[in-house]
Amino acid sequence: RPRVSAKAQGRSAILEKFGGAAKGPAPHLKRPGGAGSVKAMLLEWCRARTRGYQVRGGGAGGRGGCRHPDPPLPAQHVDIQNFTGSWGSGLAFCALIHSFFPDAFDYGSLQPQDRRHNFTLAFATAEARADCAPLLDVEDMLRLAVPDAKCVYTYVQELYRSLVAKGLVKTKKR
């Protein structure tokens, strides 16, 4: 039997779980210029929604027998550059969902190294508050060091579609 990469296994598991690949972009995302412009528009939407969200640094305690805690590392902003590595800690998902549902959880308490918690929180909140289909599985996301771009893109499209259906994202009428 041929070896299959973890990335391919993760993608296959998601596609198998939901009966195949998505059939094109979410209906409200269709723009002239093809799929590339839709992808770029969706990425820019994610950037705009998460602008200002910060990733907390370390410094939670002390080293050895020191009395003074380590100074916290400077905060970094959630920086969405693509549909792969930018989503790896789960904080980009949390920031995006928190931007619509700020009372759902305390974003400031999240840690980038607590990936399981971040993915679980983001996906559960999106499902409960936005009626977003659970297209991504926490275990699949943890198995992959770098998330699969098609899987993340498909999930973000579904989240966008769900938010439009709830009236939380306004679209231009044609």
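See above for the structure.
Since this is a predicted model, take the numbers as computed values, not measurements.

The rules behind these values
Residues numbered from 1 in each chain as written. Predicted model: local features only at pLDDT ≥ 70, side-chain atom pairs only at ≥ 80, totals over all residues. Heavy atoms only, no water. Phe/Tyr/Trp six-rings, centres within 6.5 Å; stacked < 30°, edge-to-face > 60°. Helix = DSSP H or I, 4+ residues; strand = E, 2+ residues; numbered from the N terminus. Buried < 20%, exposed > 50% of the residue type's maximum accessible area, 1.4 Å probe, protein only. Contact = heavy atoms within 4.5 Å.

A.B. asks: Quick rundown of the packing of aromatic side chains? Include the residues and the values.
C.D. replies: Applying the stated rule across the entire model yields eleven aromatic pairs. Ring geometry for Trp45 and Phe100: centres 6.0 Å apart, planes at 35°, overall tilted. In this pair, Trp45 sits in helix H2 (residues 35–50) while Phe100 sits in the loop between helix H3 (91–98) and helix H4 (115–130), placing the two residues 55 residues apart along the sequence. For the pair Trp45 and Phe100, one class covers both residues: buried. One aromatic cluster is present, built from ring pairs that chain together Phe83, Trp87, Phe93, Phe119, Phe123, Tyr153 and Tyr155.

A.B. asks: An account of unusual backbone geometry is needed here, citing residue identities and associated values.
C.D. replies: It is generally the case that most residues other than glycine have a negative phi and that most peptide bonds are trans. The backbone phi angle of Asp131 is positive, close to 60°, even though this residue is not glycine. With respect to the helices and strands, the residue Asp131 is situated in the loop between H4 and helix H5 (138–143).

A.B. asks: Go over the side chain of Ser162 with me, naming the residues and quoting the values.
C.D. replies: Of note, Ser162 is situated in helix H6 (residues 149–165). Apart from the residues lying within four places of it in its own chain, the contact partners of Ser162 are Ala130, Asp131 and Cys132.

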